[in-house]
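Take a look at the letters that make up each chain.
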Amino acid sequence: MHLFKTYSGYYLILFFLFPITIFAQNEIMSTQCNRTIPECAPSTFESRNIWTTPAPYTSLDCRGMNVTNPLWYQFVAGPGDIDIFLEKGECNPGGYFGVGIMVTIWESCPGFSANCIIASGCPQNNGQPNPFIDFTIPEGLLTVGQIYALTVSSCDGAECDFTMEIDAEDLDVPMLNDPSVSMDVGSGCESNTLPPFTYCENASFRVEIDNEIYEQVVGQWYWVVNELDADADASTIVWSADIHSGIGSPMINGMFDPPRFYMGSNGIDLDFNSTGKYEICLNFLTTNCGEVEGGPLCQEITIIPPPPTQFFDDIEICYSTLLDGSWAGPEFPNDLGESWVAGSISLGDIQSSPQDDDDYYVVTKISPPDRCGCIYEQQIRIKIVAENEPGEAELSLIECQLPYTWFDITIYTLDEYYQVPIRLFQASEE
């Protein structure tokens, strides 16, 4: 008997469902379910033993539908769609309308506190029994690697035989040393000045496993950070993931309730508070289908102290320029190739800075953290010139002087700027 097969295989299953008087004694089924190891490779089973015999006196509620004495089977979800087709055979109905069978999918054990995710319902076609059930559980509805239960139940206490075909993929997680598996560390930190995998002290970044299946599967993730030099201190690392968080190494994300691992997802956020050389590793991942081999998968990184103060060439700025807004900062890199990243400079920034003996304001600004966690202290000397309020000048022209260029303005006709005020930035008073 096969429920799933990789490569989109189909299997035919024949069962009989029998009516039983219902009482509120679901504890029997709950006990059986919690002791069941979910199926990861159903294709190895060829008989009825993958199903649990209907628990007597069991009645479950699935979105308002009564599921009575179901056959149930636990499995671990793989990627992709799950296609289910059932065909009803002979029935001894307990009622005319809705005679037939139904399929339900549950989170973990059927009923009780578990959520009924999807159900086929008891089929009807214009009031007549419909002998077919054909529906798809779409990709994304079930979490890859999580435990689910599939139940089959008769409708209205009917006794029916049926055939079932299910097409889906088994969970197949590549080994950690597979060429398709890699570690993505601090995505977005591509610095022009720092070597690869180098970050500043107090940097915060995310580490993930780059692989399609790892991006979907849940389980227990066992991360470690190893110290590679005397400066490194892994005990100061602050980490967080979707289930757990903490300080120091190791870093375990995912809950363990024997014999099941569940809930933890790919990725961990790290804050490094000590300089030094480190090695980030995923030692292993354990899913509901066992431990993924081939680890550890590691990446070395370097955490450096904050960069020293960066100095830029002196500059003179007209007072009128600052009256109309802030200055963006030096346009070109300094002699060391460092660019200005500390933001714009306002008149208030300048006038609140200390002034040296040459009447230059020594302006120091600090940049926000970049994607590598680096904060840059940058300094520039600024002299404000023409600090008086803007004055007025009158320009008189005659036609033979046209076209006439005045600073960055070219006048072609006398009427073009007649009695029109023109404001010139950084123009001399003289």
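A brief look at the structure comes next.

Our focus in this paragraph is the overall build of the chain. Within the chain one finds three helices and 30 strands. Relative to its 430 residues, the chain shows a buried fraction of 42%.

Bringing the pattern of salt bridges into the picture now. Overall, the coordinates contain six salt bridges when judged by the stated rule. The partner of Asp-269 in a salt bridge is Arg-206, with the nearest N and O atoms 3.0 Å apart. Pair noted here: Asp-269 is in strand β22 (residues 268-272) and Arg-206 is in strand β15 (residues 203-210), with a separation of 63 residues, a long-range link. The exposure class assigned to Asp-269 is partly exposed, which follows from its relative accessible area of 31%. Arg-206 gets classed as partly exposed once you look at its relative accessible area, which sits at 32%.

Once that is clear, we can look at the sheet that holds β15. With respect to topology, five strands assemble into an open sheet ordered β13-β15-β22-β17-β18, the strand pairing being antiparallel. This sheet does not close on itself; its edge strands, each paired only once, are β13 (182-185) and β18 (245-247). When the angles between neighbouring strand axes are averaged without regard to direction, this sheet yields 20 degrees. Sheet topology note: the strand β17 (residues 238-240)/β22 ladder contains three bridges and is antiparallel.

Taken as a whole, this structure holds seven aromatic pairs when the rule is applied. Of the aromatic side chains, those joined through ring pairs into one cluster are Tyr-199, Phe-205, Phe-272 and Tyr-278. Positioned over the ring face of Tyr-360 is Arg-381, at 4.3 Å from the centre of the ring.

Looking at the element boundaries, Gln-310 is found in strand β26 (residues 310-318). With a relative accessible area of 7%, Gln-310 lands in the buried category. Not counting residues up to four positions away in its chain, the partners in contact with Gln-310 are Asn-334, Glu-338, Ser-339, Tyr-376, Glu-377, Gln-378 and Gln-379.

Core analysis: the biggest nonpolar cluster contains 42 residues, and Phe-205, Trp-223, Leu-270, Phe-272 and Ile-280 have the highest contact counts within it. Every element with two or more residues in this core is listed here: β13, β14 (198-200), β15, β16 (220-227), β22, β23 (276-287) and β25 (297-304). Not counting the four nearest positions on each side in its chain, Phe-205 is found in contact with Val-185, Gly-186, Tyr-199, Ile-268, Asp-269, Leu-270, Phe-272, Ile-280 and Ile-301. Judged by nonpolar contacts, the second largest core, of 23 residues, contains Phe-75, Ile-117, Ile-137 and Ala-168.

Cis peptide bonds are those with omega within 30 degrees of zero, and the linkage from Gly-295 to Pro-296 qualifies with 5 degrees. Locating Pro-296 in the fold gives a position in the loop between β24 (290-292) and β25. The omega angle of the peptide bond from Leu-402 to Pro-403 is -10 degrees, so this bond is cis rather than trans. Positioned with a positive phi, Phe-197 is a non-glycine residue whose angle comes to about 60 degrees. Structurally, Phe-197 can be placed in the loop between β13 and β14. For Phe-197, a relative accessible area of 32% translates into the label partly exposed. Residue Asp-359 is not a glycine yet carries a positive backbone phi of 65 degrees. Its location among the elements puts Asp-359 in the loop between α3 (347-351) and β27 (361-366).

The rules we used
- Residues numbered from 1 in each chain as written.
- Predicted model: local features only at pLDDT ≥ 70, side-chain atom pairs only at ≥ 80, totals over all residues.
- Heavy atoms only, no water.
- Helix = DSSP H or I, 4+ residues; strand = E, 2+ residues; numbered from the N terminus.
- Buried < 20%, exposed > 50% of the residue type's maximum accessible area, 1.4 Å probe, protein only.
- Salt bridge = Lys/Arg side-chain N within 4 Å of Asp/Glu carboxyl O.
- Pairing = 2+ DSSP bridges.
- Axes fitted to C-alpha atoms, helices over the stretch in contact; angles between N-to-C directions.
- Phe/Tyr/Trp six-rings, centres within 6.5 Å; stacked < 30°, edge-to-face > 60°.
- Lys NZ or Arg CZ within 6 Å of the ring centre and 35° of its normal.
- Contact = heavy atoms within 4.5 Å.
- Core = buried A, V, L, I, M, F, W, Y, C linked by side-chain atoms within 4.5 Å.

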